[in-house]
Amino acid sequence: MKCRTCRGPAVIDLPRHNANFCAEHFFELCRRQVTKAIDEHAMFGTDDRILVAVSGGKDSLAVWDMLVELGYRADGYYIALGIGDYSEESREITERFAAERGLALRIESLRDDHGFDVPTAAKVTGRVPCSACGLSKRHLFDRAAREGGYDVVVTGHNLDDEAAVLFGNALRWDVEYLARQTPVLEAGDGFPRKAKPLVRLSERETAAWCILRGIDYVIEECPMAAGNRHLQYKELLNALEEKSPGSKAAFYSGFLDRMSPLLADDRRRDVLHRCVHCDSPTGGESEVCAFCRLVERTRGQEAVPVEMLVKKKSRSRTSRRGD
Amino acid sequence: MIVVLRHPRREIRIEGSRRVHALLAELELTREAHLVIRNGTLVPGDGLLEADDTIEIRPVVSGG
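Residues numbered from 1 in each chain as written. Chains lettered and ligands numbered in written order. Predicted model: local features only at pLDDT ≥ 70, side-chain atom pairs only at ≥ 80, totals over all residues. Heavy atoms only, no water.

(A) The arrangement of the pattern of salt bridges in detail. Enumeration according to the criterion identifies 32 salt bridges over all chains in this entry. Two residues, Arg-213 of chain A and Asp-65 of chain A, come together in a salt bridge whose shortest N-O distance is 2.9 Å. Highlighted residues: Arg-213 of chain A in helix H9 (residues 203–213) and Asp-65 of chain A in helix H2 (residues 58–69), separated in sequence by 148 residues. Here Lys-248 of chain A and Glu-32 of chain B are joined by a salt bridge, their closest N and O atoms 3.0 Å apart. Taken together, the positions of Lys-248 of chain A in helix H11 (residues 247–259) and Glu-32 of chain B in the loop between helix H1 (20–26) and strand S4 (34–38) put the pair across two chains. The exposure class assigned to Lys-248 of chain A is buried, which follows from its relative accessible area of 2%. Through salt bridges with shared partners, a single ionic network connects Arg-31, Asp-65, Glu-69, Glu-100, Arg-101 and Arg-213 of chain A. (Salt bridge = Lys/Arg side-chain N within 4 Å of Asp/Glu carboxyl O. Helix = DSSP H or I, 4+ residues; strand = E, 2+ residues; numbered from the N terminus. Buried < 20%, exposed > 50% of the residue type's maximum accessible area, 1.4 Å probe, protein only.)

This is the structure in structure tokens:
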């Protein structure tokens, strides 16, 4: 296989582009796609202060690396979620990435700073771990951006993530969620602007970026996420992509171009007030935001070992299969 | 060749040489969800993997 641009030996084949690339021209393609996403959706400019939500995974490290390379002012923000060895490794990798490049990284710990961790929150609330994890991340990203004076929070959501979420929302025809599924969420009511510069890159491409750039990232999957619905949607979409390259990009970009504008009227924010504990914007009837209620519910609870929840999930899947 | 697989990490041995796409098909792995790595760099779909190679097949799908 030869690189489409220089005819040198290729290192990656990209069926959706019907092309192969050497490392140098693959990097060029990635930079071009990210720049296009940033410009097309007016995500941010070179004067803006960007807070990148980093997890130690391929996507968040790739987007941080690309933004710095492209000349943006991007600092990192990492939340220690307390998911056993997985969290330990992801923190070490993130700290090393930042230190090697001289980048600013702020670290916050659910256990040390807020008194709980994701496994304990899942046990206490009786909900899936991803629920407490997502709630905590959203709340703390917003708060960190507000307190740090950042203009925008950037996340590493890629094309596969967005296509899978779109697939799930469309299966349920969840108009409210479909309306909100945009590459940029504007700031307002105390929330910072949020942007997803990787929406034009697949996760195979972000992983390839990391490998070819020599970026060490967490390879193993979060033990709490194994078998979740999001992964099932990705598996289905990848089976389709294998037979019909470009399907995921067409599905997502078609939605943005033709369906999303029709949903503009449904893109309204809830009526909000300030949480009496932390001053964050919050909706609903409670005076206290969902994150502060979670802190309250988990206060004084003994830490739940991650293995206990993983075994429980595994048993539940086995019984559903009827094995 | 020695093939390193992930989730969880393990090794299997495959006799003889293979093209990347043929090896993935043999192991029933989708190309869109995997990358093949040899000596720290990627090998494209028609790349030939020799019998004495050690390679890693890395899944790229994450569930966050």
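(B) Spatial organisation of the packing of aromatic side chains. Residues and elements named next belong to chain A. Scanning the entire structure with this criterion turns up seven aromatic pairs over all chains. Summarising the aromatic geometry, the rings of Tyr-77 and Phe-141 are spaced 6.0 Å apart at their centres and angled 75° between planes, so their arrangement reads as edge-to-face. Note that Tyr-77 is positioned in strand S4 (residues 73–80) and Phe-141 in helix H6 (residues 129–148), a separation of 64 residues in sequence. Across the pair, Phe-141 and Tyr-77 agree in class, each one buried. A centroid spacing of 5.3 Å and a plane angle of 75° characterise the contact between Phe-167 and Tyr-233, whose relative ring orientation is edge-to-face. (Phe/Tyr/Trp six-rings, centres within 6.5 Å; stacked < 30°, edge-to-face > 60°.)

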